[in-house]
Amino acid sequence: MALKWRRKKKDKQSKKNQSSQDNNQSSHDLVSDDLIDNKDDSIQEVCLNNDPSIESETDNLMEDQNDSYAEAVDNEDIKKPVKKKRFKRLRERLSRTRAKLGFSFKNKTIQDEDLEELEEQLITSDMGVEMAMEIMEELSSSLKKKHIVTVDQLKEELKTFLVNQLPAGEADRKIQIQSKPHVILVVGVNGVGKTTTIGKMAARFKDDQKQVIIAAADTFRAAAIEQLSLWADRADADLIRHRENSDPAAVAFDAVQAAIARKADIVLVDTAGRLHTKTNLMEEIKKIRRSIQKKLPDAPHEILLVVDATTGQNAVSQAKQFHEALQLTGIVLTKLDGTAKGGIVFNIYNSLKIPIQYIGIGEQLEDFQIFDADDFVSAII
C-alpha cells in the first residue's frame, strides 16, 4: 500500500511539473511573440517617420550606384554609339572628297589605266604631286608583293598607307594642361572661320569642365568682337574685351592676368585676320606673344593656325609662312565639307610635319571635331 501511495504521489508531482513547464514555455512564447511584434512595429515606425539614418544609408547606396554608372559611361560599350554617330556625320560631310577619290574602275581586275586614273585623282584632291607619286609607288609594289587584284584590296592597302602618313590621334582625347592657365594663340587670315573656331573650341572645353577665358584681341574689326561675345555667352566663357582699335597686345595681357586671378584653366586669344605676306602684320602677332610672356614666360603653350580647306594649295603656303614666323604647334582645317580637296590634310602634314588638331565640317557645334587619322581616312576612301 505504501509503495502504491508513493507511486501515485510521484505521478501527480510529475504531472504538476510538466504543467508548470508548459505554462512557462507558453509564457516564453508569448513574450517572444511580443518582442517580434514590437520589433516589427519599431521598424515600421522608423520607416514611416523617415529616420535620417535610413535615408542616409539609402542615399549612400544611390550614390554608389551613380558612381558605378559614371564609371560605366567611360567604358567603350557606352562610347560606341557616340563614336558611330560622329563618324557617320564625318563621312557624310566629306562626301565630296570621297567622290573625288572614288574607285569607279570599270574592270573587275586592276589594270594600268585604273592606276593612272587613281594617281590623277590623288593629285586633284590636293594631296600634292610628291605625295601622290609616293603613294603610287607604294601601291605598285604592294600589287606585286601581295598579289592584289581587286578594288577592295586596293582600297585597304591605300587606307593603311594614308593612316601611316599621319600622326596617331584619338577623337576622344582631351587637352592636357601642364600648368594653369593654358594659353592658346589662334592665328589666320581673314575669312577662314577663325572667330567661329575659337567659339566652338571654348564650348568643347567647357564640356570638359574647364574654366575658359576668351581674349578679343581682334580689335580692328568690330564684328569680330561682337561675334566672339555671342560665342562666349553660348559657351558660358568669360570674355575680355577693349574698345575698338585698341592695342591687341594689351587685351591679351589683361586676359592672361584675369585668368591667373580667377584661376582659369584655358585662355583663347583671338587675333586680327591678316595676310601672311605682310611682314608688319606678322610682327604684330609677335608683339602679342611677347605681351603674354610678361605674365607667363612659357606661354603661349599652343599656337594654332586656322586655314580654309577650300583654298587648296594656298593653305599650304599660309601654313609655311606662319610657321616660319611663329613656330606653329597645330593646324585647324575648316570648311572641309565644302570641298573635294580633303587631301590637303596630307599635303600640309607631309610638307611641315605640323599635326592637324581640329577639323571643321559644318556650321553646327558637333561639326567641329578633334582630328582622328583613322576616322578621317576611313571617311574619304
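Summary of the structure given here. As the structure is a prediction and not an experimental result, all values here were calculated from the model.

## Quick notes on the overall build of the protein chain
Here's step 1: Looking only at helices and strands, one finds 14 helices and eight strands in the protein chain.
Here's step 2: Within the protein chain, contacts between residues separated by at least 24 positions form 75% of all contacts whose residues are at least 6 apart in sequence.
Here's step 3: As presented, the protein chain carries roughly 21500 Å² of accessible surface, and 48% of it is formed by carbon and sulfur atoms.

## Re the sheet that holds strand S8 (residues 368-370)
Here's step 1: With respect to topology, eight strands assemble into an open sheet ordered S3-S2-S4-S1-S5-S6-S7-S8, the strand pairing being mixed. Of all strands in the sheet, those with a lone pairing partner are strand S3 (238-240) and S8, marking the two edges. Neighbour-to-neighbour, the strand axes of this sheet turn through a mean angle of 20 degrees, independent of strand direction.
Here's step 2: Relative to strand S6 (residues 330-334), strand S5 (residues 302-308) runs parallel, the two being bridged by five bridges. Opposite Val306, over in S6, you have Val332 as the bridge partner.
Here's step 3: Its contacts with the sheet place helix H9 (residues 222-235) against strand S2 (212-216), S3 and strand S4 (266-270), and it is angled at close to 170 degrees to S2.

## Considerations on unusual backbone geometry
Where the residue is not glycine, phi is negative for most of them; where a peptide bond is considered, it is trans in most cases.
Here's step 1: Between Lys180 and Pro181 the backbone carries a cis peptide bond, its omega angle lying at -5 degrees.
Here's step 2: The residue Pro181 is located in the loop between helix H7 (151-164) and strand S1 (182-187) in this model.
Here's step 3: A cis amide bond, omega -5 degrees, links Ala299 with the succeeding residue Pro300.
Here's step 4: Along the chain, Pro300 falls in the loop between helix H11 (279-295) and S5.
Here's step 5: Positive phi is not limited to glycine here, since Asp126 has a value of about 70 degrees.
Here's step 6: In this fold, Asp126 is placed in helix H5 (residues 112-127).

## Some thoughts on the side chain of Asp218
Here's step 1: Position of Asp218 relative to the elements: it lies in the loop between S2 and H9.
Here's step 2: Sequence-distant contacts of Asp218, defined by excluding residues within four places in its chain, comprise Lys194, Ala224, Ile225, Asp270, Thr271, Ala272 and Gly273.

## What about the environment of Asn350?
Here's step 1: Considering the arrangement of structural elements, one finds Asn350 in helix H13 (residues 344-352).
Here's step 2: Look at Asn350 and you get partly exposed, because its relative accessible area is 23%.
Here's step 3: Spatially, the C-alpha atom of Asn350 lies 8.3 Å from that of Leu166, the residues being 184 residues apart in sequence.

## Notes on the packing of aromatic side chains
Here's step 1: Applying the stated criterion to the full structure yields three aromatic pairs.
Here's step 2: Aromatic side chains Phe346 and Phe376 sit 6.1 Å apart centroid to centroid with 50 degrees between the ring planes, which places their arrangement in the tilted category. Pair noted here: Phe346 is in helix H13 and Phe376 is in helix H14 (residues 373-380), with a separation of 30 residues, a long-range link. Like Phe346, the residue Phe376 is buried in the burial classification.
Here's step 3: Sitting over the ring of Trp231, Arg234 keeps its end group 4.5 Å from the ring centre.

## With respect to the environment of Val163
Here's step 1: Positionally, Val163 belongs in helix H7.
Here's step 2: Residues contacting Val163, with those up to four places away along its chain left out, are Ala373, Asp374 and Val377.

## Topic: helix H8 (residues 194-207)
Here's step 1: Between the first and last C-alpha of H8 there are 20 Å, a value that for 14 residues agrees with the 20 Å anticipated at 1.5 Å per step.
Here's step 2: Where burial is concerned, most of H8 is hidden: 10 out of the 14 residues are buried.

## Considerations on the pattern of salt bridges
Pairing between side chains becomes possible if they bear opposite charge and their charged atoms approach one another.
Here's step 1: All chains considered together, the criterion is met by 13 salt bridges.
Here's step 2: Among the salt bridges present, the one from Arg89 reaches Asp367, with a minimum N-O distance of 2.4 Å. Taken together, the residues span a long stretch of sequence, with Arg89 in helix H3 (residues 76-93) and Asp367 in the loop between strand S7 (356-360) and S8 at a distance of 278 residues.
Here's step 3: A salt bridge links Asp247 to Lys287, with the shortest nitrogen-to-oxygen separation between them at 3.5 Å. One end of the pair, Asp247, is in the loop between S3 and helix H10 (248-262); the other, Lys287, is in helix H11, and 40 residues separate them in sequence.

## Observations regarding the layout of surface pockets
Here's step 1: By volume, the second largest pocket is sized at about 360 Å³.
Here's step 2: As for the second largest pocket, its lining consists of 22 residues, of which Val192, Gly193, Lys194, Thr196 and Lys335 are closest to the centre.
Here's step 3: With five residues, H8 is the largest single contributor of residues to the lining of the second largest pocket.
Here's step 4: Taken together, the residues of the lining of the second largest pocket sort by class into four nonpolar, 11 polar and seven charged.

## Things to note about the packing of H8 against H9
Here's step 1: Contact geometry for H8 and H9: axes closest at 9 Å, N-to-C directions at 15 degrees. Regarding the angle of H8 to H9, the classification is roughly parallel. Classified by chirality, the crossing of H9 by H8 is right-handed. On H9, the residues touching Thr195, Thr196, Ile198, Gly199, Lys200, Ala202, Ala203 and Lys206 of H8 are Ala224, Gln227, Leu228, Trp231 and Ala235.

## Regarding the pairing of S5
Side chains on a regular strand alternate between the two faces of the sheet.
Here's step 1: Judged by how many residues are buried, S5 sits mostly within the fold: seven of seven residues are covered.
Here's step 2: Alternating positions in S5 separate into two faces, Glu302, Leu304, Val306 and Asp308 on one and Ile303, Leu305 and Val307 on the other, with burial throughout.
Here's step 3: In this region the chain leaves S5, passes through helix H12 (residues 313-326) and returns to the parallel neighbour S6; the handedness of that crossover is right-handed.

## Here's the deal with the pairing of S6
Here's step 1: Of all five residues in S6, five are buried; the element is thus mostly enclosed.
Here's step 2: Neither face of S6 is open: one carries Gly330, Val332 and Thr334, the other Ile331 and Leu333, and all of them are buried.
Here's step 3: Note that the unit made of S6, H13 and S7 has a crossover that is right-handed.

Rules behind the numbers
Residues numbered from 1 in each chain as written. Predicted model: local features only at pLDDT ≥ 70, side-chain atom pairs only at ≥ 80, totals over all residues. Heavy atoms only, no water. Helix = DSSP H or I, 4+ residues; strand = E, 2+ residues; numbered from the N terminus. Contact = heavy atoms within 4.5 Å. Areas by Shrake-Rupley, 256 points an atom, 1.4 Å probe, with all protein chains shown as cover. Pairing = 2+ DSSP bridges. Axes fitted to C-alpha atoms, helices over the stretch in contact; angles between N-to-C directions. Buried < 20%, exposed > 50% of the residue type's maximum accessible area, 1.4 Å probe, protein only. Phe/Tyr/Trp six-rings, centres within 6.5 Å; stacked < 30°, edge-to-face > 60°. Lys NZ or Arg CZ within 6 Å of the ring centre and 35° of its normal. Expected span 1.5 Å × (residues − 1). Salt bridge = Lys/Arg side-chain N within 4 Å of Asp/Glu carboxyl O. 1 Å grid on protein atoms, 1.4 Å probe; cavity = no way out; pocket = protein on both sides within 12 Å on 5 of 7 lines; lining within 4 Å. Points joined across faces, edges and corners; volume = space filled by probe spheres on them. Nonpolar A, V, L, I, M, F, W, Y, C, P; charged D, E, K, R; others polar. Parallel < 35°, antiparallel > 145°, perpendicular 65-115°, else oblique. Left-handed = near helix turned anticlockwise from the far one by under 90°. Right-handed = clockwise from strand over helix to strand, strands pointing away.

Remember, this is a structural readout, not a statement about activity or role.
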